[in-house]
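Residues per chain are reported as follows:
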Amino acid sequence: MSDSRATIAFVGTPNCGKSSLFNALTGMRQKVGNFPGVTVAPKASYVGDERNGRRLLDLPGIYSLAPKTNDEQLTIAALKGEQSNLPRPDAVLFVIDGSNLEKSLFLYAQFARLGLPTLLAVTMIDAVKAGGGALDDIALERALGLKVKCVVGHKGVGLPDVRASLLNSDDFTVPPADGIPGDDIDAQFSWARKIAARVARSSGPDKRSRAIDRYVLHPFIGPAIFTLVMLLFFQSIFTWATPLMDGIESLMGQLAVLVEYGVAPGLLQNFLTKGIIGGVGSVLVFLPQILILYLFITLLEDFGYLARAAFLVDRLMGVFGLQGRSFIPLLGSYACAIPGIMSARIIPSEKDRLTTILIAPLMTCSARLPVYVLLIAAFVPDRLVAGLLSLQGIILLALYVLAALAGLLIARILKSTLLRGDSLPFLLELPPYRRPSLRNVGLAMMQRAGEFLRSAGTIILAMSIALWALSEYPRADQLAAVDSIEAESLQLEESALGSIGKLIQPLFEPIGFDWKVSIGVLGSFAAREVFVSVMGQMYSVDVSESDESLRTVLQRSISLPAALSILAFYVFALQCMSTIAVMRRETSSWKWPIFAFAYTFVLAYGAAWATYTICSALI
Amino acid sequence: MTSLPTGQRFRVCGYSRHNSFTERLREMGLTRGAQFTVVRKAPFNGPVEIQIDNSTLVVRGADTALMLIEPA
């Protein structure tokens, strides 16, 4: 790295508030969460100016200098200067969790001997005070022989002070190691407890969390709450998003009308209405749902519920050969498999980690949502069951549950065949409950919305344009002979796209896909949402002529067994190039992504075939 | 661990064998002589929640078989 600015690494125990502080200091949008292991990759940012600036590095949290997981390994290697892609830090901001001094000081006992110039920052002081405890930072300074700064990252208290210190090398000193026991963990922990008792009056375990956990982790009430949370989650996706979706839909309709007025009929008008609005617009409609999904997951995470959920489901996961820790990456995969697969780094056992990565694509990510919602809205009647739950919401939940069960079964099979071996033990820390920060939740949603819009603006736009061109050329003959609607569908059939569709359609014939759907499925191997835009383009012929939405057109054009078959296919198929790329990176080989792609395809095809055959026989 | 009554305090006397997991348990504070409380147990022999210092930990009962404990 040609950068001459000194690097300061942020080091601390998991969930001690490093990332919150890092974000508050740099204004960066590093994802923060309330469970250990949110930061699984290092993040860099800068403070100060060119002349007197520092490069800040947020590293994954560690419990000790003896790594047990991949993310800990990374931090420790970086601190020792053994991580090839990271510079050895010139100094360290050691973050101490004020509400859990013993653990932080134990890590400090091991860390001090690395001999890196260090400044201490104590976080969570607000929680200590709220619980009736106290912490004497002057006494801590004296006990450790280092400068100590107290901060409340999310409230901004103490930040200017820390920022000034970061730019002042004099505030960083090499920790005096005298008095700190060497190699022995028991002795180091006794030392940590002694110092903690000297400098602070413990407020004890967080009383509010205790009180909440009495219900949330209750043997009967706990699972009931868990089920309720999950149910609410899926209901909200449908009910809350509908008005917003209708709004976007009508906006797109007006835009199309505007183009039809403003642009002379011909190729350009056709390109704008069918290629752009029909393709990209039909995907944009699903933005509200994706935002609600992220809102929910981020809230649960910030609140501290995810770790509790891991506790609640550990027994169930054990049945499938996994452990509660796998639940966190898997739930994350419901938003998107990519961060989910990355957060599998918190799993200590390599075989468990691989298993989790391989089944992560089966967890229903938000990209499937547009496909599900479109087909469910078209084919499942909008009515209430038991006067309360929407039938559409129930079907959606069923698809999610189906995929999750299949994933767990696959995990079971993998763990007893390819990835056989003892699971490492399950050990998880339950963080105290915290009030979700609106800023953090907002940032997570904005980030995801940005990614979604970017994908709509790039990959989906490119696919839309390509599909539009393929559908308009070569021009069909005898267009003049028939009326305009017939001419358009004739054009589509005789176009290059029509030929491709008909060419591959035999492959999908047994599962009930016609050639139009086949093209949609083919296109969605780039990204799942493409399916919706393809359908939007293919059927925009009819849509622009009448006042119908894509939903009603699909109702007429696709049979119910075929629609269910498409749903079954999307539940299992791994249609996402980015996921395959990140799997390749996280497993350092092509073997696993190819395996994942192959097994999910077989599953998808098999499930679609069974669905189609059974439904055709029944209906 | 799963047979321990909840709400009671115990002391860690040591470990019958050492491996990387017992090392992690000690790094989380379950060192010789340390006292912890069993807070609750998940049903069907599920994980056990314990309180040590200011940390709340969740472990599977079977995984802590190497830990030797006595009532505090």
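Up top is the structure these notes are about.
How each quantity is defined
Residues numbered from 1 in each chain as written. Chains lettered and ligands numbered in written order. Predicted model: local features only at pLDDT ≥ 70, side-chain atom pairs only at ≥ 80, totals over all residues. Heavy atoms only, no water. Pairing = 2+ DSSP bridges. Helix = DSSP H or I, 4+ residues; strand = E, 2+ residues; numbered from the N terminus. Axes fitted to C-alpha atoms, helices over the stretch in contact; angles between N-to-C directions. Contact = heavy atoms within 4.5 Å. Salt bridge = Lys/Arg side-chain N within 4 Å of Asp/Glu carboxyl O. Buried < 20%, exposed > 50% of the residue type's maximum accessible area, 1.4 Å probe, protein only.

Caption draft 1: View of the sheet that holds strand 4 (residues 91-97) of chain A. All names here are of chain A. Pairing in this open sheet of 6 strands is mixed, and the strands run 2-3-1-4-5-7 from one edge to the other. At either margin of the open sheet sits one strand with a lone partner, and together these are strand 2 (43-48) and strand 7 (148-150). Ignoring strand direction, the axes of neighbouring strands in this sheet form an average angle of 25°. Pairing of strand 1 (residues 6-12) with strand 4, which is carried by 5 bridges, proceeds in the parallel orientation. For Val11, the partnering residue across the bridge sits in strand 4 and is Phe94. Against the sheet, helix 1 (residues 18-26) engages strand 1, strand 2, strand 3 (53-58), strand 4 and strand 5 (118-123), with an angle of about 40° to strand 2. Its contacts with the sheet place helix 5 (residues 137-144) against strand 4, strand 5 and strand 7, and it is angled at close to 155° to strand 7.

Caption draft 2: Geometry of the pattern of salt bridges. Scanning all chains against the criterion turns up 18 salt bridges over all chains. For the salt bridge of B:Glu27 with A:Lys68, the shortest nitrogen-to-oxygen distance reads 3.3 Å. Taken together, the residues B:Glu27 in helix 1 (residues 20-27) and A:Lys68 in the loop between strand 3 and helix 2 (70-79) connect one chain to another. With relative accessibility at 1%, the residue B:Glu27 sits in the buried group. The partner of A:Glu350 in a salt bridge is A:Arg353, with the nearest N and O atoms 2.9 Å apart. Placement of the pair is A:Glu350 and A:Arg353 together in helix 16 (residues 350-359), with a separation of 3 residues, close to one helical turn. One salt-bridge network, held together by shared partners, links A:Lys68, A:Glu72, B:Glu23, B:Arg24 and B:Glu27.

Caption draft 3: The arrangement of the environment of A:Arg448 in detail. Here A:Arg448 shows up in helix 19 (residues 438-472). Those residues in contact with A:Arg448, other than ones at most four positions away along the chain, are A:Ile290, A:Tyr294 and A:Ser366.

Interpretation note: all reported values are geometric properties and have no functional meaning in isolation.
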